[in-house]
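# Structural description and commentary
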Amino acid sequence: MSVLPLVFTSGWASGINAYAVVLLLGIFGATGLTDEVPASLQRTDVLVVAGVLFLCEAVADKIPYVDSVWDSVHTVIRPASGAVVGALLAGQSGSLPDIAAGALGGSTALASHLVKAGTRMAVNTSPEPFSNIALSTAEDLGVGGILTFAIFHPTAAAVIAAVLLAAGLAILVFLWSRIRRFRRRRAQRREEKRMAAVRGGPPH
């Protein structure tokens, strides 16, 4: 069977939490749950590093504004991870060219990353931190659940991932005006503080 649905789903998941994808796929392969996972993802050192980075992300992703900084840093990391994982999955099965799989995984990861980062920017306009915690927890559970489902039902999982990606993009378009207003207000406050500091400075 073509590995294409698993590549798509893992790409979508990588855009949300790349370390969870590497960790889960490695565990699935190491425990014999699937033979689609290449040996390179099952290595102990890879699993340990992915586990540590996953814990770091689990903490950073739940702190307002820290999550947006974390997302900015991972604008390159998540799509690159999605591309590498996709190419490795394709190479393991031999049913899809590595370059095509890498392009699919990377582009899907980039799209879902943009949805995640944009949504977090909108959520950060709220003063309370509980929205971040709830959204981050839902993302972690969603990635884990859908990726696990993809091992047993790859096509159905890919359809779910595609629907979630499309819905996320639609929500992002809806929230973009809120993000722009928030940025304008924040820039205005910074300018007001700067002008107040200038007016309150020592006389010349």
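Residues numbered from 1 in each chain as written. Predicted model: local features only at pLDDT ≥ 70, side-chain atom pairs only at ≥ 80, totals over all residues. Heavy atoms only, no water.

## Things to note about a positive patch on the surface
Here is the rule: A residue counts toward a patch only above 30% relative accessible area and without a salt bridge, and it is joined to like-charged neighbours within 9 Å or, for Val, Leu, Ile, Met, Phe, Trp and Tyr, to nonpolar neighbours within 5 Å. Shrake-Rupley sampling with a 1.4 Å probe provides the accessible areas, and residues are treated as covered by the protein chains on show and by no other component. Salt bridges, as used here, are contacts in which a Lys or Arg side-chain nitrogen is within 4 Å of a carboxyl oxygen on Asp or Glu. Just so you know, the count uses Lys and Arg for positive and Asp and Glu for negative, and it drops His and the chain ends. By convention, the point assigned to a charge is CZ for Arg, NZ for Lys, CD for Glu and CG for Asp. Segments assigned H or I by DSSP are reported as helices when at least four residues long, segments assigned E as strands when at least two residues long, and all are numbered from the N terminus. Only protein chains enter the accessibility calculation, which uses a 1.4 Å probe; a residue is then buried when its area is under 20% of its type maximum, exposed when over 50%, and partly exposed in between.
Among the surface-exposed residues, Arg180, Arg181, Arg183, Arg184, Arg185, Arg186, Arg189, Arg190 and Lys193 lie close enough to one another that they form a single positively charged patch. Within the element layout of this structure, Arg183 appears in helix H6 (residues 154–199). We classify Arg183 as partly exposed; its relative accessible area is 43%.

## Some details on the nonpolar core
Here is the rule we go by: Nonpolar core, defined: a set of buried Ala, Val, Leu, Ile, Met, Phe, Trp, Tyr and Cys residues in which side-chain atoms within 4.5 Å join the residues together. Note on contacts: a residue pair qualifies if any of its non-hydrogen atoms lie within 4.5 Å across the two residues.
Counting 32 residues, the largest nonpolar core has Trp12, Val21 and Leu25 as the members making the most contacts within it. No other element matches helix H1 (residues 4–30), which puts twelve residues into this core. Setting aside residues up to four positions removed in sequence, Val21 forms contacts with Ser10, Ala13, Ser14, Val85, Val143 and Leu147.

## Structural notes on the pattern of salt bridges
When the charged atoms of two side chains with opposite charge come close together, those side chains can pair. What the rule picks out here adds up to nine salt bridges. The residue Asp61 makes a salt bridge to Arg120 at a minimum N-O spacing of 3.0 Å. Of this pair, Asp61 sits in the loop between helix H2 (44–60) and helix H3 (66–93) while Arg120 sits in helix H4 (residues 98–123), and the two are 59 residues apart along the sequence. A single burial state applies to Asp61 and to Arg120, both of which are buried. Asp71 is the salt-bridge partner of Arg78, the closest N and O atoms lying 2.8 Å from each other. Residue Asp71 is classed as buried on the basis of its relative accessible area of 2%. Connected through shared salt-bridge partners, Asp61, Asp67, Lys116, Arg120 and Glu139 make up one network.

Distances and angles like these do not, on their own, reveal function.
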